[in-house]
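An overview of the molecular structure
Okay, here's what each chain looks like letter by letter:
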Amino acid sequence: MGLLMNLIPLPAFSDNYIWLLHHNGRALVVDPGDAQPVLDALNQAGWVLDHILVTHHHADHVGGVAALMAATSAKVYGPAHEKLPIPVTPLSQGHSLSWQGMHFDVLDVPGHTAGHIAFVGKAPDMAPVLFCGDTLFSGGCGRLFEGTPAQMLASLDRLSALPTDTLVCCAHEYTLSNLKFAVEVDPDNQDLRAYVSHCQDLRARGLPTLPSHLGLELQINPFLRSRLPAVRATLQDRTPTPFDDASYFAAMRQWKNDYR
Ligand code: ZN
Ligand code: FE
């Protein structure tokens, strides 16, 4: 069954998703940058908000937490090593929490921000669910605002080690623009070409491209493929003196930053 059937991306701002899980009339949300879409969903369905999970300190992920705290009695969990505008139960690698028969493990995934965390939700008879904030996007990864390329590569390696059926719940609808870049880096990847068509079709119908799943990302996301020969061959030409994994990764991240 089913908890997965109860996983909803609530659109917010221009391209954010606030992920909502609901079960037995109870709800949990991740990264509510805006309270209103969450309050609307709760009111419409009559769900009670139990938990708010926060992955990192950026306003488009925490901006709605205070209003949700005022309107509900939800508990708030967030990164131990970031400065947040609201009090949270501090979490880092190795911590866990439970909700409605689900167990959530916390992973440290620094890179986009210094204290960024991710949540992996598990329950019997369902695929794991990854809430990765702005660390991993479908076909891409977050910008390095506070971390080094080596940190981000290690964080993506940590996520890559999750089961391949893990549902990847990213916090932004960046997929099509990421894939445009991915095709430049990995032009002979036929899985990638097929996924581009699939996502173009979804967006043309106004549907989210998310959640993705890890097995797919390992096949199509250049930021999870920076050690593979095909991707290396492209990066070789753009990396003056590549000497280790992180320098190739850094060259790709820089190229993406400048790519239009
Ligand atoms: Zn962010
Ligand atoms: Fe964001």
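Structure's up top.
Residues numbered from 1 in each chain as written. Chains lettered and ligands numbered in written order. Predicted model: local features only at pLDDT ≥ 70, side-chain atom pairs only at ≥ 80, totals over all residues. Heavy atoms only, no water.

Some words on the coordination of the zinc ion (ligand 1)
For the zinc ion (ligand 1), the protein coordination sphere consists of His56 (NE2), His58 (ND1), His112 (NE2) and Asp134 (OD), at 2.2 to 2.3 Å. Every donor counted, the four donor atoms about the zinc ion (ligand 1) form angles of 85 to 169° at the centre, which fits irregular coordination. Here the donor residues of the zinc ion (ligand 1) are spaced in sequence according to H-x1-H-x53-H-x21-D. Between the zinc ion (ligand 1) and the iron ion (ligand 2), a separation of 3.3 Å is found, and both are coordinated by aspartate 134. In this pair, histidine 58 is assigned in the loop between β4 (48–53) and α2 (59–62) and histidine 112 in the loop between β8 (102–108) and β9 (117–122), connecting sequence segments 54 residues apart. This pair shows no difference in class: histidine 58 is buried, exactly as histidine 112 is. (Donors = N, O, S within 2.8 Å, 3.2 Å for Na, K, Ca; no water. Tetrahedral: all angles 85-135°; square planar, octahedral: opposite > 155°, others 65-115°. Helix = DSSP H or I, 4+ residues; strand = E, 2+ residues; numbered from the N terminus. Buried < 20%, exposed > 50% of the residue type's maximum accessible area, 1.4 Å probe, protein only.)

Examining the packing of aromatic side chains
Within this structure, the stated rule accounts for six aromatic pairs. Between the aromatic rings of phenylalanine 137 and tyrosine 174, the centroid separation amounts to 4.9 Å while the plane-to-plane angle is 70°, which identifies the pairing as edge-to-face. Of this pair, phenylalanine 137 sits in strand β11 (residues 136–137) while tyrosine 174 sits in the loop between β13 (167–170) and α5 (175–185); the two residues are 37 residues apart in sequence, bridging distant segments of the chain. Using a relative accessible area of 4% as the deciding quantity, one classes phenylalanine 137 as buried. Tyrosine 174 sits in the partly exposed class, given a relative accessible area of 28%. Here phenylalanine 181 and tryptophan 255 contribute two aromatic rings whose centre-to-centre distance is 5.2 Å and whose plane-to-plane angle is 80°, an arrangement assigned as edge-to-face. With a gap of 74 residues between them, phenylalanine 181 in helix α5 and tryptophan 255 in helix α9 (residues 245–258) connect regions that are remote in the sequence. Exposure remark for phenylalanine 181: the relative accessible area of 0% places this residue in the buried category. Judged by relative accessible area, which is 10%, tryptophan 255 ranks as buried. One aromatic cluster is present, built from ring pairs that chain together Phe181, Phe223, Phe249, Trp255 and Tyr259. (Phe/Tyr/Trp six-rings, centres within 6.5 Å; stacked < 30°, edge-to-face > 60°.)

What about the nonpolar core?
Phe104, Phe119, Leu130, Phe131 and Leu159 are the most contacted members of the largest nonpolar core, which has 51 residues in total. Setting aside chain neighbours within four positions, we find leucine 130 in contact with Ala118, Phe119, Val120, Leu136, Leu159, Leu162, Thr166, Leu167, Val168 and Cys169. Counting residues in hydrophobic clusters, the runner-up holds 22 residues, among them Leu20, Ile52, Val65 and Ile86. (Core = buried A, V, L, I, M, F, W, Y, C linked by side-chain atoms within 4.5 Å. Contact = heavy atoms within 4.5 Å.)

Some points on the sheet that holds β13
Ordered in space as β7-β8-β9-β10-β13-β14, the six strands form an open sheet in which the pairing is mixed. Both edges of this open sheet fall to β7 (96–99) and β14 (212–213), since each of them pairs with a single strand only. Sheet topology note: the β7/β8 ladder contains four bridges and is antiparallel. If you follow leucine 97 over to β8, its bridge partner there is phenylalanine 104. This element, helix α4 (residues 149–160), spans β8, β9 and β10 (129–133) of the sheet and lies at about 155° to β8. (Pairing = 2+ DSSP bridges. Axes fitted to C-alpha atoms, helices over the stretch in contact; angles between N-to-C directions.)

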